[in-house]
Structure formats: C-alpha cells, structure tokens
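A structural walkthrough
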Amino acid sequence: MLLGRVCTFDADTFEFITRKVIPSGMFVCYYEEDKPVLCRVCECTPLNELPPELLDAESVKWEEIMEFFGFDTTNFKLFSVKAKLIGYFDKNLGEFINPRRMPPPGTPVEEAGRDVLVYLSKVGDGEGSAYIGEVLGTDVPVYISVRDIVSQHLSVIASTGAGKSYAVGVILEEMMMPKNCASVLVLDPHGEYSSMVEIMNNQNFRSEEYRANVMVVKPEKIKVRLGDLEPEDLLSLIDDGNLSEKMRTFLTKAYYDAKENILTYSSLIGAVEALGEDKRHESTVDALRWRLEKLRRVGVLDDYRGIPLRDYFRAGRLTIVDVSGIPDSLQQLVATVLLRLLFDARKGTITGEYVEGDERYIPSPAFVVLEEAHRFAPREGFSLSKKILKTILSEGRKFGVGVCLISQRPSKIDQDVLSQCLSQITLRIVNPADQEYIAQTVESFSRDIVRELPSLPTGVAIVSGICINTPTLVRVRNRIIKPRIGQSINAPAEWRRIAQETDDRMSEVPAHKSSSIEEDLGI
C-alpha cells in the first residue's frame, strides 16, 4: 500500500509525506531496481501546526471552522515521516545490504509487506530456531538463532513488570523443543521457574525420538564440595570486614597444605592449627578456626558432595537450580563454582583432557541463565563470580558455553560483561540512567531505538544483535507453560476474593447474640 513519496533527505534519513500516522520503529520500504529496500521509521510529526485559536473550540470541529472560512484542511492532515535505511536483502549473503544512497525525491514509499518482513529473522522455523513472537503490528513471525545466542551470549533487560522473565520462559520453551534439544541451566534466585517442570507432560516438547526432561534442584539439595573452592572463594566467605592480611596469608597457606591430600573441613582446620604452634600466632589461628566452624554450619559447603555436572548438563535437560532462601554471598559462590567447573569441563572435553567416564566429561554444549545478573557482575564493587563470567563471555564460544544475563538494572552491570552479550532482548526501560547506559554499551542500539524504551507496552520487546538481521519490535508470543509466579499480584482482586471466602465461612457459623460496642471494647 502506497504511503507517500520522498520529499527530501540528509546524510542519515530521508523524509516522505503521508496521510497516515506511522509509529516509530515500524517498517516501510521503497523499490530500487525492482529490489525492496527496507527502512525503519524514526520520527513522525504533523506537516503543519494547527492555529492555536482552533484548538479552543469545544463544540465545533476545527475542520468545520476552517471550511466555513474557506480554508483548505488537507495540509493539516498530512504528516512528515523520517526513516532510516536498512537495505535490501541479499539471499546469497543472508543479510541486508545498505544501498549507500538515499531514495531521490518523488520515490514512492510503501508499507513493508510480509515478503520483506520475513527477512528480519535470521533463521526460519526449524532446527536451531526459536519462535519468540510477531513483528509488532503484523502477524509475521520472528525467529531468533539459537546457535548465535548460545555461542555469543544473550542479555534480557527490562524494568520490573515489563515481562523479562516471561520472555525468558518463551526462550526456554523453544530451546527444550525437539528442534533444539538443548542443555540449559537456570540459576533461579526467586523460585519462579519451577513451573517449567510441566514441560515434561506437554506434547510440544516431545517427538518419537525425544522427550524433554526438567530437573528442579531445591535449596537444601545444593552442595558445593570444599575441594572445588579456590583460596579467594574461602576468603570472600569468611571476610566480615575484619579479616587481617595475616589471617589471609595463614588461610591461603593452610588451603594449599590441606589440598595436598583431600581438602575437607577437618584437614583445613588441622592445617590452620598447625600454623599456630608459635604462641604469637594463637589469636590468628583461633579467629580463623572460629570463622571456619561458623561457615561449616551454613550447610552449603560439604566435604565430599558437590555440583553434579553430568546430571545438570545433558542434551534435552533443563536444570533449574533454586537458590531462593540462600544468602547472596552463597548464591555468588554457587554461581562461581558452577561456572568455573562447567568451563573447565567443556574445555577439557573439547581438548580431549576429559574422556567418557570422567566426572567432568560434558559432551553437550551448555547454556546458563543468570537472573539478577547485576549481582554476579556488578559495575562497581567486588563480585566473586565476575572473573569467571568475563572468561566465559570472551572464550566460551570456543568451547560451547553460552550465558544469558537477565537484569532490571543494566546500569549496574559491568560494562565489559554487558557489551559481550552480542544478542539482546530489551523490554520497557524507564530509568534514564539505564537507557543511557544501554546506548553506550550495546552496539546495535541507535539513539532512535533507545527513545522507544520507556514507551514500550508490557510484552513488547526490541530484539537486536547477531541473532536477528536488524533490530525489530516484537510482541512476545504467549507461553505454553503458564508461570506460577513472577507476574504482579492484583492486590484488590485478592482482597475481594479472600473477604468473600471469609464471609461465606462466617455465614455457615451458627449466629450468636450480638454484643454491644461497649462489650466488644471491654467497657
């Protein structure tokens, strides 16, 4: 459908006149040598402003007033639209090619049809794809490349209540279907992904040769083997702000002494005590012993039981590690050790260091989803897990380890960490500091896209990066497995429901003689 014709252009955009209001982010196109050139609308404004005097009329339409005085109203119903070039799609290269020249004045501009919009998706419906929704305002499906989000990482960013966990649920569903058979682990700090266990009873997640498996690990079942810790792990756990340099030195030496055999609480405490034979060190040894005994009582650390990598990471298995109720410092520890062991296992499996039968032999590429990512890779301050996260983000693609970072506060995430997630799903973001941080950090975000962030409706996302051919506004599809928690509770509706249930129960109780207000108050 013809929208209008190009009237002018500059170095970045061209402008056309139309009778239709076209929202920012929508797609239009024009033809060059019979090839449709896709463009994104970045601004739509009235061509002419109405005289303010006409806006005061309450009972008469402005058109009627202008027509009464003989004025032509047509020019006040036209809109000036600015659009940016994306390009024509080259099927051989599999990407949009910018023609590097603006359309000349008079060029017809049309709505982008389905035949053009299908090329927004980098992959079609099939193996290695994830169907996440439709191009906003159309029924054109959008598929993202699972290969790209696993090999070069994904960020899902949104303000609270904008639908980020819902969108992640959609991605998890797609990854667990027969077309992907993924190996995924979710570190779940709020216990909101446990409903995904229903995948195992749903026909969408099985075929003749495949049936998705979901394993939920409850907090009391999470164990980290003491021998899998590094000295800095232990130091971060026992440091309450009063750990002296001498205590750090003693604990580090005791760690390596105990590690020569099997590192357990008993061997570690024994190695610490062995350093206290000199009376001058007695207070240091006592302080370390007290801290280690206190740490033992927490229950997550264990002498022999640890993270069962081979159970957690299997093709066709979604593992949900529920760390809700575990202190933040121990959540950091669990994430750090898990990521470190996984990276080592995948690296060793690829290089041949680990073979079938070894504890760390993990033949399947793995994808780890981290909720509250700003806790694990903060922009400021110390974080135990930041070091291994940076390693995986920079080297993980070589060994088949991918990461999905989820956060409602992107400005609190380390800039290097966020910038290495080369695919993004971004929903509504209201905070100006977060918007500015994304503009500076995410390569695929232009200023006109950033302007859209605060006005996005719930459930609408900007999908960008290498998993798709160009940034696209997408209405996220409905989940197959409905979430049990994670969505905002309608408090008034809950109050009314509970009050009604209470009234119904009270009506069944035999009536008693009513008391006066004085009796109720004990007067």
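Residues numbered from 1 in each chain as written. Predicted model: local features only at pLDDT ≥ 70, side-chain atom pairs only at ≥ 80, totals over all residues. Heavy atoms only, no water.

Now for the environment of Val216. Mapped onto the elements of the fold, Val216 is located in strand β12 (residues 213-217). Judged by relative accessible area, which is 27%, Val216 ranks as partly exposed. When the C-alpha atoms of Val216 and Asp322 are compared, they prove to be 7.1 Å apart, with 106 residues separating the residues in sequence. Non-local contacts of Val216, meaning those with residues more than four positions away in its chain, are made with Ser194, Val197 and Ile320. (Helix = DSSP H or I, 4+ residues; strand = E, 2+ residues; numbered from the N terminus. Buried < 20%, exposed > 50% of the residue type's maximum accessible area, 1.4 Å probe, protein only. Contact = heavy atoms within 4.5 Å.)

Right, let's get into the nonpolar core. Phe14, Val28, Leu251, Leu301 and Phe313 are the most contacted members of the largest nonpolar core, which totals 102 residues. Examining the composition of this core, we find that 11 residues originate from one element, helix α10 (residues 328-351), more than from any other. Sequence-distant contacts of Phe14, that is, excluding residues within four places in its chain, are made with Val6, Thr8, Phe9, Tyr30, Cys39, Val81, Lys82, Ala83, Leu85, Met102, Pro103 and Val109. Counting residues in each nonpolar core, the second largest holds 54 residues, with Leu120, Ile425, Leu427 and Ile468 among its members. (Core = buried A, V, L, I, M, F, W, Y, C linked by side-chain atoms within 4.5 Å.)

Our focus in this paragraph is the pattern of salt bridges. Summed over the entire model, instances satisfying the criterion amount to 26 salt bridges. Close ionic contact of Arg101 with Glu32 constitutes a salt bridge, the shortest N to O distance being 3.0 Å. Taken together, the positions of Arg101 in the loop between β6 (95-97) and β7 (108-111) and Glu32 in strand β3 (residues 27-32) put the pair 69 residues apart, joining distant regions of the chain. Its relative accessible area of 16% is what places Glu32 among the buried residues. Here the residues in one salt-bridge network are Asp125, Glu173, Glu174, Lys179, Arg477 and Arg479, joined through shared partners. (Salt bridge = Lys/Arg side-chain N within 4 Å of Asp/Glu carboxyl O.)

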